[in-house]
Amino acid sequence: MTRLVRTILLLLFVAVSSITPVKAEAAGRVLTVAVASNALRPVQELAGLFEERYGVKVRISSGSTGKLYTQITQGAPFHVFFAADKRRPELLEEKGLIERGSRFTYAVGALIVWTKRPGLDLGSRGLTFLKDARIRRIAVANPSTAPYGRAAVEALERKGILKDVQNKFVYGENVSQAFNFARTGNADVCIVALSTIYGQDGSYFPVDGAIHSPIVQQAVILRGAPPEAREFTRFLSSPDAVTVFSKYGYSVAR
Amino acid sequence: MQLHMDWLPFIISFKLAFATTVCLLFLATPVAYILAYKGFRGKPLVEAVFALPIVLPPTVLGFFVLIAVGNMSPVGRWYQNIFGHTLAFTFEGLIVASILYSFPFAVQPIQNAFEGVNPRLVDTARTLGCNRWQTFWRVILPASRRGIVMGIMLSFAHTVGEFGVVLMVGGSIPGETKVASIALYENVEMLEYSQAALMALALLVFSYAVLSVVYYFNRRTSTLVPG
């Protein structure tokens, strides 16, 4: 029995000691940032740079834009929100939940078709290749919830081949999941963001950006955020940030 | 506010839960029997494996399934060679995933029930000339029906409430793999809160009904079968 008591005490000690640093950190300047999953990597990298230069700790939560939006409307304690579209930031603005005039475009996404299937080199192909009989399943992000999914459907519609390929669709919750479907060989190809395949091999071709509405990703500063939030968003529009975003496959048209 | 409920995801959820529960009844009962009556080396390790789905986050389990049925795994390639497509994104694929996901919820109540059967009853049956098979059918199974009903109810309810696993391997195909929990989630993502609330309410009522039946059954049979 005493051994049990000792084990419990030890566990308690570990639990308490793992909580304490968080409290200590909260005493300094901390910015909490909500980021749509697809923009997580560049924002993370930039947050690291920002921490070094400004001495402000950035705590990042990531998830889908819809989920983060819902959490924000329910009073989630975020200071800055990086969405995967511009609709949700606009809605927050309408609701008066953001700092006036803080909504801005931080990145514009590019759509691509990717595969890792051997013998299915996409290098010089175009969208009509998706009709090919060798392609049986196409993973896309859910068009009703994900901006890249909607853009993919738009592009296929504009090309006039949506009806031919629609029955090959399987839907991922977001681009990462659509990518996972193809990466694990469960789908033959996926239509995802250029940023999704950062650091991955395989072959891909870009989808002409003129045949779908631009995938504009906007950010907002939420009402009641500390002044550091303004510094952070300003830093995310700096030339350094542009370099990082383009490295991950975004353009930063303004 | 216009609300019209799409019942298709619910029908798929129930079809899935029904198919999974039937499969589990046949798969989990022998496993529960072995775990209850056979002693062997490393039994705790085996029991721990069967209990893993309780601890593993469903999305992790789903990710393992996705890799296992993909063309990076021999099993996945074998299946694809025979059927010409992957098991992912099909209703059958969801059944396989749900069996894994709900396995402990079927095995554990049944195993507990088997272990709770009075050994004297079993011994008496054996001395009266019943072989193991007859003893199982005539003594152990009737005496364990409470646990078996529990196992059935829990597997069914657990599968209806399944989300993470289906999210990983389903592909949200309407009429095939888009189950109620996924449809609800998509409604929240689309900011269709009233639609989502309606679906959530339906799921809540259903879950409450199932659990009430389980507890009702529990009490009634426990007074019928002492010990």
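So, how was this worked out
- Residues numbered from 1 in each chain as written.
- Chains lettered and ligands numbered in written order.
- Predicted model: local features only at pLDDT ≥ 70, side-chain atom pairs only at ≥ 80, totals over all residues.
- Heavy atoms only, no water.
- Helix = DSSP H or I, 4+ residues; strand = E, 2+ residues; numbered from the N terminus.
- Buried < 20%, exposed > 50% of the residue type's maximum accessible area, 1.4 Å probe, protein only.
- Contact = heavy atoms within 4.5 Å.
- Areas by Shrake-Rupley, 256 points an atom, 1.4 Å probe, with all protein chains shown as cover.
- pLDDT = per-residue confidence, 0-100.
- Domains from an automatic or database assignment.
- Buried area = accessible area lost by both parts, 1.4 Å probe.
- Salt bridge = Lys/Arg side-chain N within 4 Å of Asp/Glu carboxyl O.
- Polar contact = N/O pair within 3.5 Å; in protein donor to acceptor, adjacent residues only side chain to side chain.
- Nonpolar A, V, L, I, M, F, W, Y, C, P; charged D, E, K, R; others polar.

## What about the overall build of chain A?
Thought 1: A count of helices and strands for chain A gives 9 helices and 10 strands.
Thought 2: Taking all 254 residues of chain A together, 50% fall into the buried category.
Thought 3: Sequence separation of at least 24 residues holds for 78% of the intrachain contacts in chain A that already meet a minimum separation of 6.
Thought 4: Of the accessible surface of chain A, which amounts to about 12,000 Å², a share of 55% is contributed by carbon and sulfur atoms.

## A word on the confidence of the model for chain A
Residues and elements named next belong to chain A.
Thought 1: Averaged over every residue, the pLDDT of chain A is 89; residues scoring 70 or more account for 89%.
Thought 2: When the elements of chain A are averaged for pLDDT, helix 1 (residues 2-26) gives the smallest value, 58, and strand 3 (residues 80-82) the largest, 97.
Thought 3: Confidence over residues 21-26 falls short of pLDDT 50; this stretch has 4 contacts with residues more than four positions distant or in other chains.

## Description of the domain arrangement of chain A
All names here are of chain A.
Thought 1: Domain annotation for chain A reports domain 1 (2-108 + 215-247) and domain 2 (111-206).
Thought 2: With 11 residues of domain 1 at the interface, the matching set in domain 2 holds 11 residues.
Thought 3: For the pair domain 1 and domain 2, the summed buried area comes to about 860 Å², and 51% of that belongs to carbon and sulfur atoms.
Thought 4: Summed over the shared surface of domain 1 and domain 2, the number is 0 salt bridges.
Thought 5: Here domain 1 and domain 2 share 2 residue pairs in polar contact (both at pLDDT 80 or more) between them.
Thought 6: Its residues assigned to classes, the side of domain 1 that touches domain 2 shows 2 nonpolar, 4 polar and 5 charged.

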